[in-house]
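Chain by chain, the residues:
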Amino acid sequence: MPGSSRLPVSLRETFNARKNSARGGQLASLNVDLLRNIVFILFVLRWTRKLFYQLKGRGILGSSVDIYTYVRRTLYGLFLRAPGVRTKVQTQVAESILKLERKLVPSGPGITRITELPAQGWTEDEVRGKLDELAQMEHTRWEDGRVSGAVYHGGDELMKLQTEAFGKFTVSNPIHPDVFPGVRKMEAEVVAMVLSLFNAPEGAVGVTTSGGTESILMACLSARNKAYAERGVTEPEMILPETAHTAFRKAGEYFKIKIHLVACKAPSYKAQISSIARLVNPNTVLLVGSAPNFPHGIIDDISSLSRLAYKKKLPLHVDCCLGSFIIPLLPKAGFDYEPFDFKLKGVTSISCDTHKYGFAPKGNSTCLYRSDAYRKYQYFIAPDWSGGVYASPSIAGSRPGALIAGCWASLVKQGENGYIDACHKIVGAMKKIEAALRTHPSLSPDLKVVGKPLVSVVAFLSTTLDIYDVADAMNEKGWHLNALQSPPAIHVAVTLPIVAAVDQLIADLVDVVEDVREKERVRIAEGGTSKGAAKGDTAALYGVAGSLPNKSVVVDLATGFLDTLYKT
Ligand SMILES: *Cc1c(COP(=O)(O)O)cnc(C)c1O
């Protein structure tokens, strides 16, 4: 035992005494050797297994690409931290953040900032006056249908009714169902109404949450906890089409679930089922599909995902946060659709945002489960807290009953006919934009629709123009469309306010594309010398972001953006 000479004297004596006691000595060293071998074998097995599942999941080529990307990102990260580069990058990031601050945080004479409680409370009229002023601050005109997505508005009358509903339940909190029985009843009814929209089978259940992100977090948490409780999975993994909403990545970060992204390539822009199947391993806790996804408005191949999930006995979450009250009504509104809901027997959970096309006030969503065998794993219960036995269904403790009342009022006011009507208008407008993109002589040569959108979002890209220049030029005309990356594209998420502005949208897009095309022609005629000159914000940000192998600069910028939100 070479190590024993370094032991303290007292220990060494004990050790030697044991060692010298006849057979005991042999046994002890045998045990140590055996233990060492077992640990070594387990170590090798563990890594062989990891390597096996890596190769099975990504193949030799895919794994090589992973390694290459990793090395490139790491090296570029080191480069960014090199002495000269670092200060330069930091200065540029600081400049950009300052520019952003000037845009977002009003300053100058005449701007009052409230940074502490008024010593004397204001009069009601003073408060009202100030609220009016705040509501009317200069902004992108969502009221005129100029903003893609963002404001899922059901009309002014509905908004009035929602405000009335808030008023009746301002202080209510569903954590006290005995104090607010009406709120409990409305919450249960909201879940039941959404379940019925998604063809839920007997025994299906659900919860309401504060929004799509929380619904997705809950579905992921439930899948993780279920796999741990029933299969002992301690290193959970989930498989996402790369177009799945970032809330799944957030869940991965918060709940320590490893994420596998599967590419969604042209022409369908749907993840291939064979690629997903290869990534399934004993650590897999959840498969995911979107109906439709946020970037391109495309419905994943949920039928095939369902078959895979059912065969592998894995939960499958379908994200209908965006599809919400449009996608289940496509058949009744007479539009094309693809199967996506509980009718597919492999689908175990669905997130549906009542605050998107349900037109409920923001802060409302639902997460539905095939049965309570799934839902129970998202519950939090502390039976032994000194504050009493504590049980809450989701992340929040206290919750705003007023929002549940606003949601319930929206659903029963709209009714199925109201939502079918909205579906007609919204999907109709999306199809109008899609048709213009595909056939308008000024648009079709340069713009390409991404995949085959069936719901409310249409995305487009360009192989001839810088699509971000198009986005910036649209911004200058007062539009706020969504910029997308990998591949560079833009999308329009049609809302009711946009329906009324859709002809103007197409006309402005035609102008803008003609203009950008002409500028590009001039640039090429001049030998490309003016490239980079006068880029707009979108082109600058995404142009740089897209070319960087390591996105730490973008992370710094985004952190600065978040900090800016809290500047008075
Ligand atoms: C909006 C959206 C979400 C998340 O919703 P939030 O309410 O913003 O948290 C999730 N998935 C898709 C496809 C979405 O469009």
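Residues numbered from 1 in each chain as written. Predicted model: local features only at pLDDT ≥ 70, side-chain atom pairs only at ≥ 80, totals over all residues. Heavy atoms only, no water.

## Overview of the sheet that holds strand S8 (residues 349–352)
1) Next: Spatially, seven strands are ordered S1-S9-S8-S7-S6-S2-S3 in an open sheet, and the strand pairing comes out mixed. Each edge of the open sheet is held by one strand with a lone partner, namely strand S1 (205–209) and strand S3 (258–262). Across the sheet, the mean angle from the axis of one strand to that of its neighbour is 20°, orientation sign disregarded.
2) Next: One ladder, built from four bridges, connects strand S6 (residues 284–290) with strand S7 (residues 316–320); its direction is parallel. What sits directly across from Ser290, in S7, is Asp319.
3) Next: Seen against the sheet, helix H8 (residues 247–255) touches strand S2 (237–241), S3, S6 and S7 and runs at an angle of roughly 165° to S2.
4) Next: Here helix H10 (residues 302–312) sits on the sheet and contacts S6 and S7; the angle it forms with S6, its principal contact strand, is near 165°. (Pairing = 2+ DSSP bridges. Helix = DSSP H or I, 4+ residues; strand = E, 2+ residues; numbered from the N terminus. Axes fitted to C-alpha atoms, helices over the stretch in contact; angles between N-to-C directions. Contact = heavy atoms within 4.5 Å.)

## Observations regarding the UniProt feature "modified residue: N6-(pyridoxal phosphate)lysine" (unreviewed entry) in the protein chain
1) Next: According to UniProt, the "modified residue: N6-(pyridoxal phosphate)lysine" (unreviewed entry) feature falls on Lys356.
2) Next: Within the fold, Lys356 resides in the loop between S8 and strand S9 (365–369).
3) Next: Excluding its chain neighbours within four sequence positions, the residues that come into contact with Lys356 are Tyr152, Cys321, Leu322 and Ser324. (UniProt positions renumbered as here; feature names shortened; annotations may be inferred.)

## A look at helix H3 (residues 83–104)
1) Next: The end-to-end C-alpha distance of H3 is 32 Å, a good match for the 32 Å that 22 residues give at a rise of 1.5 Å each.
2) Next: Taken as a whole, H3 has its buried residues at Val89, Val93 and Ile97. Burial along H3 is one-sided: seen end-on, the buried residues are contained in an arc of 70°. Residues of H3 that are exposed and point over 90 degrees away from its buried face: Gly84, Lys88, Glu95, Lys99 and Arg102. (Expected span 1.5 Å × (residues − 1). Buried < 20%, exposed > 50% of the residue type's maximum accessible area, 1.4 Å probe, protein only. Arc of directions from axis to C-beta.)

## Things to note about the site of the ligand
1) Next: Taken together, the neighbourhood of the ligand is formed by 13 residues, with Gly212, Thr213, Asp319, His355 and Lys356 sitting nearest.
2) Next: Between an oxygen atom of the ligand and a side-chain N or O atom of Thr213, the distance comes to 2.5 Å.
3) Next: Contact between the ligand and Asp319: a nitrogen atom at 2.6 Å from a side-chain N or O atom of the residue.
4) Next: Taken by itself the ligand offers 380 Å² of open surface, and the protein chains cover 85% of this.
5) Next: In terms of residues, the shell around the ligand owes the most to one element, helix H7 (residues 212–231), which gives three residues.
6) Next: Each residue belonging to the shell around the ligand can be placed in one class, and the counts come to five nonpolar, five polar and three charged. (Near = heavy atom within 4 Å. Polar contact = N/O pair within 3.5 Å; in protein donor to acceptor, adjacent residues only side chain to side chain. Areas by Shrake-Rupley, 256 points an atom, 1.4 Å probe, with all protein chains shown as cover. Nonpolar A, V, L, I, M, F, W, Y, C, P; charged D, E, K, R; others polar.)

## Some words on the environment of Tyr379
1) Next: Within the secondary structure, Tyr379 is located in the loop between helix H12 (372–375) and strand S10 (380–382).
2) Next: With 45 residues separating them along the chain, Tyr379 and Gly334 place their C-alpha atoms 39 Å apart.
3) Next: When sequence neighbours within four positions are dropped, the list of residues in contact with Tyr379 reads Ser392 and Pro393.
4) Next: Looking at Tyr379, its side chain comes within polar contact range of the side chain of Arg375, at 2.8 Å.

## Brief notes about the side chain of Arg146
1) Next: Inspection of the secondary structure assignment puts Arg146 in the loop between helix H4 (124–135) and helix H5 (156–168).
2) Next: Owing to a relative accessible area of 19%, Arg146 belongs among the buried residues under this scheme.
3) Next: Leaving out residues up to four positions away in the same chain, Arg146 has contacts with Arg141, Lys477, Gly478, Trp479, His480, Gln504 and Asp508.

## Things to note about the packing of aromatic side chains
1) Next: Applying the stated criterion across every chain, the model contains ten aromatic pairs.
2) Next: When the centroid spacing of 5.5 Å and the interplanar angle of 50° are considered together, the rings of Tyr76 and Phe79 count as tilted. With Tyr76 and Phe79 both in helix H2 (residues 22–80), this residue pair falls three residues apart, about one helical turn.
3) Next: Ring plane angle 90° and centroid distance 6.0 Å describe the contact between Phe198 and Phe340, whose orientation is recorded as edge-to-face. Placement of Phe198 in the loop between helix H6 (181–197) and S1 and of Phe340 in the loop between helix H11 (330–333) and S8 is noted, with a sequence separation of 142 residues between them. There is no split in this pair, since Phe198 and Phe340 are both buried.
4) Next: By the ring-pair criterion, three or more aromatic residues cluster together here, those being Phe325, Phe359 and Tyr419.
5) Next: Here Lys50 stacks its cationic end above the ring of Trp47, 5.2 Å away from the centre of that ring.
6) Next: Taking NZ or CZ as reference, Lys345 lies 4.4 Å from the ring centre of Tyr310, over its face. (Phe/Tyr/Trp six-rings, centres within 6.5 Å; stacked < 30°, edge-to-face > 60°. Lys NZ or Arg CZ within 6 Å of the ring centre and 35° of its normal.)

## Topic: the nonpolar core
1) Next: Phe198, Leu287, Leu437, Val492 and Leu509 are the most contacted members of the largest nonpolar core, which totals 90 residues.
2) Next: Ranked by residue count, the leading element in this core is helix H13 (residues 401–439), at 13 residues.
3) Next: Those residues within four positions of Phe198 in sequence are excluded, and the remaining contacts are Cys320, Ser324, Pro328, Phe340, Asp341, Phe342, Ile350, Cys352 and Leu368. (Core = buried A, V, L, I, M, F, W, Y, C linked by side-chain atoms within 4.5 Å.)

## What to know about the pairing of S6
1) Next: Most of S6 sits out of view: seven of its seven residues are buried.
2) Next: Relative to S6, S2 runs parallel, the two being bridged by three bridges. By the bridge assignment for S6, Met238 is matched with Leu286.
3) Next: Since S6 and S7 lie parallel, the crossover through H10 that links them has a hand, and here it is right-handed. (Right-handed = clockwise from strand over helix to strand, strands pointing away.)

## Points about the packing of H7 against H8
Two quantities define a packed helix pair, namely the angle between the helix axes and the distance between the axes.
1) Next: Where H7 meets H8, the axes come as close as 9 Å, and the angle between the chain directions of the two elements is 50°. Overall, the two elements H7 and H8 adopt an arrangement that is oblique. Where H7 crosses over H8, the handedness of that crossing is right-handed. Residues Thr213, Ile216, Leu217, Cys220, Leu221 and Arg224 of H7 form the contact with H8, whose own contacting residues are Ala247, Phe248, Lys250, Ala251, Tyr254 and Phe255. (Parallel < 35°, antiparallel > 145°, perpendicular 65-115°, else oblique. Left-handed = near helix turned anticlockwise from the far one by under 90°.)

## What to know about the pairing of S2
1) Next: Summarising burial for S2: five of the five residues are buried, a large majority.
2) Next: What you see with S2 is no split at all: Glu237, Ile239 and Pro241 on one side and Met238 and Leu240 on the other are buried throughout.
3) Next: In the sheet, S2 pairs with S3 via five bridges, with the strands oriented parallel. Residue pairing in the sheet places Pro241 in a bridge with Val262 of S3.
4) Next: With respect to chirality, the unit in which S2 leads through H8 into the neighbouring parallel S3 is right-handed.

## Here's the deal with the sheet that holds strand S14 (residues 482–484)
1) Next: Strand order in the open sheet formed by four strands is S12-S13-S15-S14, with antiparallel pairing between adjacent strands. The open sheet has two edge strands with one neighbour each: strand S12 (448–449) and S14.
2) Next: In this sheet, strand S15 (residues 489–493) lies alongside S14 in antiparallel orientation, the contact comprising three bridges. Bridge assignment links Asn482 to a residue of S15, and that residue is His491.

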